[in-house]
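Descriptive structure summary
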Amino acid sequence: MVTSPSPQQSVRLEDYRPFPFRIPKTELDVVIQDDAVLVTADLHLEPVQDSSEPLRLQGVDLALISLAVDGQPLAADAYSLSGDALQIHATPHQPFTVTTVCKLDPAANGSLEGLYASGGMLTTQCEAEGFRRITFHPDRPDVLSCFRVRIEADRERYPVLLSNGNAVAAGPVPESPTRHAVVWEDPFPKPSYLFALVAGDLKEIRDHFTTASGRRVTLRLHVEAGDEPYTAHAMESLKRSMAWDEQIYGLEYDLDEFNTVAVRHFNMGAMENKSLNIFNSKLVLADAETATDGELERIESVVAHEYFHNWSGNRITCRDWFQLSLKEGLTVFRDQCFTADLHCAALKRIEDAAMLRNTQFREDAGPTAHPVKPDAYQAIDNFYTTTIYEKGAELIRMLQTLLGDARFMRGMRLYFQRHDGEAATTEDFVAAILEGATEDGSSLNFEPEQFKRWYHQAGTPHVSVDRQWEPTEGRLTLTFRQSTAPTPGQPDKLPVVIPVLWSVLNAEGRAGDERLLVLDQAQQSVVLEGLAKTPQPPVLSLFRNFSAPVTWTADQGDDDLFALFAEDTDAFARWDAGQQLWKRLLLARASGADASSLEMRMLDAVSQLLSPAGEQDPAVLATLLAFPGLAELEALQDEADPPALFEASCALRELFGSQLADALRQRLASSAESLQAHWPAGQGERQLTALIWSWLAAAGDEEVRDAALAAVSGPSMTLARAALRALQPIDCAQRLQALQVFHDRWQDRPVIFDTWFALEASTPRPDALARVEVLLQHPRFDPMAPNSVRAVLGGLVGNPSVFHALDGSGYLFMARQIIAVDGRNPITASRMAKVFSRWHTYGPQRKAAVQQALAVLAEADLSTNTREVVTLMQA
Ligand code: B3K
Ligand code: ZN
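Residues numbered from 1 in each chain as written. Chains lettered and ligands numbered in written order. Predicted model: local features only at pLDDT ≥ 70, side-chain atom pairs only at ≥ 80, totals over all residues. Heavy atoms only, no water.

A tally of regular secondary structure across the chain gives 27 helices and 31 strands. Rg of the C-alpha trace for the chain: 28 Å, near the compact-globule value of 29 Å for 875 residues, within the 12% margin. Taking the principal axes of the C-alpha coordinates as reference, the chain spans close to 90 × 65 × 60 Å. Accessible area of the chain: about 32,800 Å², with a carbon and sulfur share of 50%. Placing the 78 positive and 118 negative side-chain charges of the chain at their respective mean positions leaves the two points 0 Å apart. (Helix = DSSP H or I, 4+ residues; strand = E, 2+ residues; numbered from the N terminus. Rg over C-alpha atoms; globule rule 2.2 N^0.38 Å. Areas by Shrake-Rupley, 256 points an atom, 1.4 Å probe, with all protein chains shown as cover. Lys, Arg positive; Asp, Glu negative; His and termini not counted. Charge placed at Lys NZ, Arg CZ, Asp CG, Glu CD.)

It is worth spelling out the packing of helix α26 (residues 844–859) against helix α27 (residues 864–874) at this point. Running from amino to carboxyl end, α26 crosses α27 at an angle of 145 degrees, the nearest separation of the two axes being 10 Å. Read as a crossing pair, α26 and α27 show a hand that is left-handed. When α26 is examined against α27, the residues L854, A855, L857 and A858 are found in contact with a partner set consisting of R867, V870, M873 and Q874. Looking at side-chain class alone, the contact of α26 with α27 contains 6 nonpolar, 1 polar and 1 charged residues. (Axes fitted to C-alpha atoms, helices over the stretch in contact; angles between N-to-C directions. Left-handed = near helix turned anticlockwise from the far one by under 90°. Contact = heavy atoms within 4.5 Å. Nonpolar A, V, L, I, M, F, W, Y, C, P; charged D, E, K, R; others polar.)

Mapped onto the secondary structure, H370 falls in the loop between α4 (345–364) and β23 (376–377). Within the local environment of H370, its side chain forms a polar contact with the backbone oxygen of T368, the two atoms lying 2.8 Å apart. A distance of 2.8 Å separates polar atoms of two side chains, one belonging to H370 and the other to T385. (Polar contact = N/O pair within 3.5 Å; in protein donor to acceptor, adjacent residues only side chain to side chain.)

In the case of a regular strand, side chains alternate between the two sheet surfaces. Examined bridge by bridge, strand β2 (residues 21–32) and strand β3 (residues 37–47) share 10 bridges and lie antiparallel to one another. Counterpart to V31 in the pairing with β3 is L38. Counting the residues that bridge the hairpin from β2 to β3 gives 4 residues. (Pairing = 2+ DSSP bridges.)

Under the defined criterion, the tally for this structure stands at 63 salt bridges. Residues R133 and E113 are paired through a salt bridge, measuring 3.7 Å at the closest nitrogen-oxygen approach. Separated by 20 residues along the polypeptide, R133 in the loop between β11 (121–125) and β12 (145–154) and E113 in the loop between β9 (96–104) and β10 (114–118) bring together distant segments of the chain. Residue classification places E113 among the buried positions, given a relative accessible area of 9%. A salt bridge links E152 to R179; the nearest nitrogen and oxygen atoms lie 2.7 Å apart. Here E152 is found in strand β12, whereas its partner R179 is found in strand β15 (residues 176–190), with 27 residues between them in sequence. (Salt bridge = Lys/Arg side-chain N within 4 Å of Asp/Glu carboxyl O. Buried < 20%, exposed > 50% of the residue type's maximum accessible area, 1.4 Å probe, protein only.)

Next up on the list: the confidence of the model for the chain. For any part of a model where pLDDT is low, the fine detail of the predicted coordinates should not be relied upon. When the pLDDT values of the chain are averaged, the result is 97; 99% of them are 70 or greater. In the predicted structure, residues 1–8 sits below a pLDDT of 50 and forms 28 contacts with residues beyond four places in sequence or in another chain. (pLDDT = per-residue confidence, 0-100.)

This next bit is on the sheet that holds strand β8 (residues 85–88). On the basis of which strands lie adjacent, the open sheet formed by 3 strands has the order β4-β8-β7 and antiparallel pairing. The strands lining the two open edges of the sheet, one partner per strand, are β4 (55–58) and β7 (79–82). Each neighbouring strand pair of the sheet contributes to a mean axis angle of 15 degrees, computed without reference to strand direction. Here 4 bridges tie β7 to β8, and the two strands are oriented antiparallel to one another.

Looking now at the nonpolar core. Counting residues in each nonpolar core, the largest one holds 275 residues, and the members touching the most others are M412, F429 and F836. Counting only domains with at least three residues in this core, you end up with domain 1 (1–201) and domain 2 (462–567). Setting aside residues no more than four positions away along its own chain, F836 makes contact with F803, Y811, M814, A815, I818, V850, A853, L854, L857 and M873. (Core = buried A, V, L, I, M, F, W, Y, C linked by side-chain atoms within 4.5 Å. Domains from an automatic or database assignment.)

A full pass over the atoms with the stated rule returns 41 aromatic pairs. Considering the side-chain rings of F446 and F451, the 5.8 Å spacing of their centres and the 55 degrees angle between planes classify their relative orientation as tilted. For the pair formed by F446 and F451, the shared burial category is buried. Summarising the aromatic geometry, the rings of F543 and W552 are spaced 4.4 Å apart at their centres and angled 20 degrees between planes, so their arrangement reads as stacked. We classify W552 as buried; its relative accessible area is 13%. Taken together through their ring pairs, the aromatic side chains of W244, Y249, Y253, F258, Y307, F308, W311, F338, Y415, F416 and F429 make up a single cluster. (Phe/Tyr/Trp six-rings, centres within 6.5 Å; stacked < 30°, edge-to-face > 60°.)

The protein atoms donating to the zinc ion (ligand 2) are H305 (NE2), H309 (NE2) and E328 (OE), with metal-donor distances spanning 1.9 to 2.1 Å. Accessibility expressed as a relative area gives 1% for E328, which makes it buried. (Donors = N, O, S within 2.8 Å, 3.2 Å for Na, K, Ca; no water.)

What follows concerns the domain arrangement of the chain. As assigned here, the chain comprises domain 1 (1–201) and domain 2 (462–567). Taken over C-alpha atoms, the centre of domain 1 sits 55 Å from the centre of domain 2.

Among the 15 residues in the neighbourhood of ligand 1, the closest are listed as E127, A270, E272, E306 and Y389. A distance of 2.8 Å separates a nitrogen atom of ligand 1 from a polar side-chain atom of E272. With respect to ligand 1, the side chain of H309 contributes an N or O atom lying 3.2 Å from an oxygen atom. Relative to its free-state accessible area of 340 Å², ligand 1 is covered by the protein chains to the extent of 95%. If you list the elements that add at least two residues to the shell around ligand 1, you get β20 (270–271), α2 (293–308) and α3 (324–342). (Near = heavy atom within 4 Å.)

Structure, rendered in structure tokens:
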């Protein structure tokens, strides 16, 4: 990351050099045997002019069986094999072929990188550097190659054999009648990280999509036997994504076939391998009975995200891994726009803003803070972060706000035309956007070099706004100041370009014209004249639509916030005003301060919203009433105290549930009719029902607790989970029964059963740590499946009074578990280790306890990935 603990091991952006060879063609012959896999690779190389460098290839955990150049086996002194590098000292000056034969053991590969076994199938994950676990290769994203892949296996055990591109031949293996082989050819040059291979006894669901130019694309979704009924949603999502990318970006799919595979053991959500997307099965298998509304929307957006990568990532890829946000930030931006177009743009923006504040802002404020474009790393896997993804998307959104839609989309078109088939950089991207935007001769309202600081500067900028009001003149002067706190390795920050969309509420309480201020100085003022000459200054609506990924303070009193909460026409700004009020209430409760008069005002405001004349849209209402996340609240405390915040949330729910019981029950009744409507219909009503259940259940409403318990056996997973969430914080009979019902109903469906593990682990109860130990030994707990591990250990972290116990038992337990996971799966372990990243904000006792847990971690024999994170946290 920015400051590396041991610089000698770091990879640095400034050291980038092009690879001295091209590999126009890569041929693989993959022979799957009972206990091993043999991979023969023919790399057809060409030296780049004037280069006389030796050829260096990467390989991890490979048994090299033979090595030849142009068919001639290499003498032992013609090459060296040390660590993970194979060096061939001298190579021909004309095109030549390197042939290697390697043996691998996918069954022993718990890292879930390279080629590994998941259930009865074999599958791959090559991003970022997994291809080197399959064969010796430069394995860097700027080496693009056309792949031809032959896969041979036992016909019965592995009837389905998939790779990228088109299947060009298939048939029995002449010399062994029980075996068969398929040959795949991908006409598009691609980096090795986009290579994929799947072999197994998979069931196929087939559909098709006809592109705008008339290409009939066969869509094949492959799942394990029995999972076929749960694939329709993913397939429909794929078709919607293909249509959207054509409509909005004019980008069509480019092959005749598109394959998707669902895999149980997967480190992340999904992977965009060219024409062979591989998904964590929890992001494929879903219907209304087995997935919540939120999960259905997420599946739709991840299917879209991976599909959109075909252009933003695959056709145009990254020159090196420092450019990761080039494809990830852009593809997140594209999937956010897709969801906004298909559903409710305003609510999607709020969801994304809340997510950014609770995850990315937290990252920016901690020891692993890094820029969207880092300049050094030890383990690239540690950089698949919310900063690279979501903050990266926000930078693109700011360009859109600054340029306006039409100019921005011209820039996008230029980017896709200009760099198609290339490995590009974020500078190429920004240059294309700005050039396309200004090709009509228009000029920019900001300085590009200053905008680009966003890519290199870590940390969340803070903006403070001062308001000066001259009532007799009707003149408002606003002074904006920006600053960014130091982050590790970056003590001094420069001003960035911050688009501020803002407005003032007029005398009737409605927002006036929206204005764009380009804040690019440390301090800057703006004057608004001709306003109504009222004694009180006008109410300010700031950062509308969350126009920049920053935090801000303005002298907004409770009155202003209540006015915005009731009236603002911008959904984000209205929601944000409510969030500020909720924050004031929750922080006061958590610190034991008296906020009863503010509570009374909020009760009154919420009661207005609930009334028949109040907010009509159930999803908007539920969103306005949802409390801010604990991460955001912690960041506002002088000494973060997660258990106190958790208690405060419970107490506030109880207060609002009891004080507003009648109005809440009425809204519950009016939502009842649409509760079983098919997604996306009815989701607002279900969201509101979930919120009301949680308030009323907290207030002791037995009828609601019983209704919730009944919903766990009902037809909607959204309501079942809402019920469990409502009952979970309360020590009541229904909670125990609800968990048992859920257990009995879903124990044979691992993807869903992980939810039960998470619920059990996050239920506040005195013996919770012992309970977690039992869960880890549960016969249905799969320690090799990151989903299960994350469910149990993530559940524990989401149980504030247990994880943050003052005696440090939660932290120590977690440290030991991370060490165990790290032994087999460093990617999952290093991500989990970040749970300790907030320790410096805790009180002295917790601080000491985390330091102790970190010391236990540091003493262990850790992977490079986890070591990098732990060292940063200890620094
Ligand atoms: N590109 C993949 C992530 C790969 C993770 C590598 N450790 C998923 C995505 O962002 O689409
Ligand atoms: Zn992605």
